Amino acid sequence: MPPEFQRKLDNVDIVVENWPTPRQLRNVKHSHPNRLLGLYQGVPQTRRGRGYGLVLPDKISIFQKPIEAQCRFGGEIEEKIGEVVRHEIAHHFGLDENTLRKIENEKRRSK
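Residues numbered from 1 in each chain as written. Predicted model: local features only at pLDDT ≥ 70, side-chain atom pairs only at ≥ 80, totals over all residues. Heavy atoms only, no water.

**Q** Can you lay out the side chain of His87 for me, pointing to particular residues and giving the numbers?
**A** By the secondary structure assignment, His87 is in helix α4 (residues 74–92). A distance of 3.2 Å separates a polar atom in the side chain of His87 from a polar atom in the side chain of His91. Excluding residues within four positions of it along the chain, His87 makes contact with Glu97, Leu100 and Glu104. (Helix = DSSP H or I, 4+ residues; strand = E, 2+ residues; numbered from the N terminus. Polar contact = N/O pair within 3.5 Å; in protein donor to acceptor, adjacent residues only side chain to side chain. Contact = heavy atoms within 4.5 Å.)

**Q** Quick rundown of the pattern of salt bridges? Include the residues and the values.
**A** Within this structure, the stated rule accounts for five salt bridges. For Glu17, the salt bridge goes to Lys59, with nearest N and O atoms at 3.4 Å. Note that Glu17 is positioned in strand β1 (residues 12–17) and Lys59 in strand β3 (residues 58–63), a separation of 42 residues in sequence. Accessibility expressed as a relative area gives 19% for Glu17, which makes it buried. According to the relative accessible area criterion, Lys59 is partly exposed, its value standing at 30%. (Salt bridge = Lys/Arg side-chain N within 4 Å of Asp/Glu carboxyl O. Buried < 20%, exposed > 50% of the residue type's maximum accessible area, 1.4 Å probe, protein only.)

**Q** Tell me about the side chain of Gln24, residues and numbers included.
**A** Within the fold, Gln24 resides in helix α2 (residues 22–27). The exposure class assigned to Gln24 is buried, which follows from its relative accessible area of 6%. Among the polar contacts made by the side chain of Gln24, one reaches the main-chain amide nitrogen of Thr21 at a distance of 2.8 Å. The contacts of Gln24, once residues within four sequence positions are left out, are Glu17, Trp19, Leu39, Gln41, Ser61 and Phe63.

**Q** Tell me what's going on with the nonpolar core, and back it up with residues and numbers.
**A** Within the largest apolar cluster, 11 residues are counted, these being Leu9, Val12, Leu37, Tyr40, Ile60, Ile62, Ile67, Cys71, Val84, Val85 and Ile89. Elements supplying a minimum of two residues to this core: β3 and α4. When residues of this core are assigned to their parent elements, the largest contribution, three residues, is made by α4. For Val85, the residues in contact, after removing those within four places along its chain, are Ile14 and Ile62. (Core = buried A, V, L, I, M, F, W, Y, C linked by side-chain atoms within 4.5 Å.)

**Q** Go over a positive patch on the surface, please, and point to the residues and values.
**A** Positive charge collects at one region of the surface, where Arg86, Lys107, Arg108 and Lys111 lie side by side. In this structure, Arg108 sits in helix α5 (residues 97–110). (Patch = residues over 30% accessible without salt bridge, like charges linked within 9 Å, V, L, I, M, F, W, Y side chains within 5 Å. Areas by Shrake-Rupley, 256 points an atom, 1.4 Å probe, with all protein chains shown as cover. Lys, Arg positive; Asp, Glu negative; His and termini not counted. Charge placed at Lys NZ, Arg CZ, Asp CG, Glu CD.)

The following block contains the structure:
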């Protein structure tokens, strides 16, 4: 990750969890745990005002079992983890789900 992005991730925890909890699934309106690969929980940088401070770290959860269920071999798992982490970090920087899907679809088409 480029240093200019790393410097802005000073109050973000990235954790690996086996599965999303039922509450996490409800919060993002997913019904099946295999579909949720990662989750950003926090206040995006674009929504932080002058009074933002003294808060718990934002949290990026990476869900191991759903990622393993979607991938066939180790290299594919590593690639998917990188993709999921970048996706969730983009949420931290203020990109919404629709914008990210458009970007990801454009990347797939250009390959």
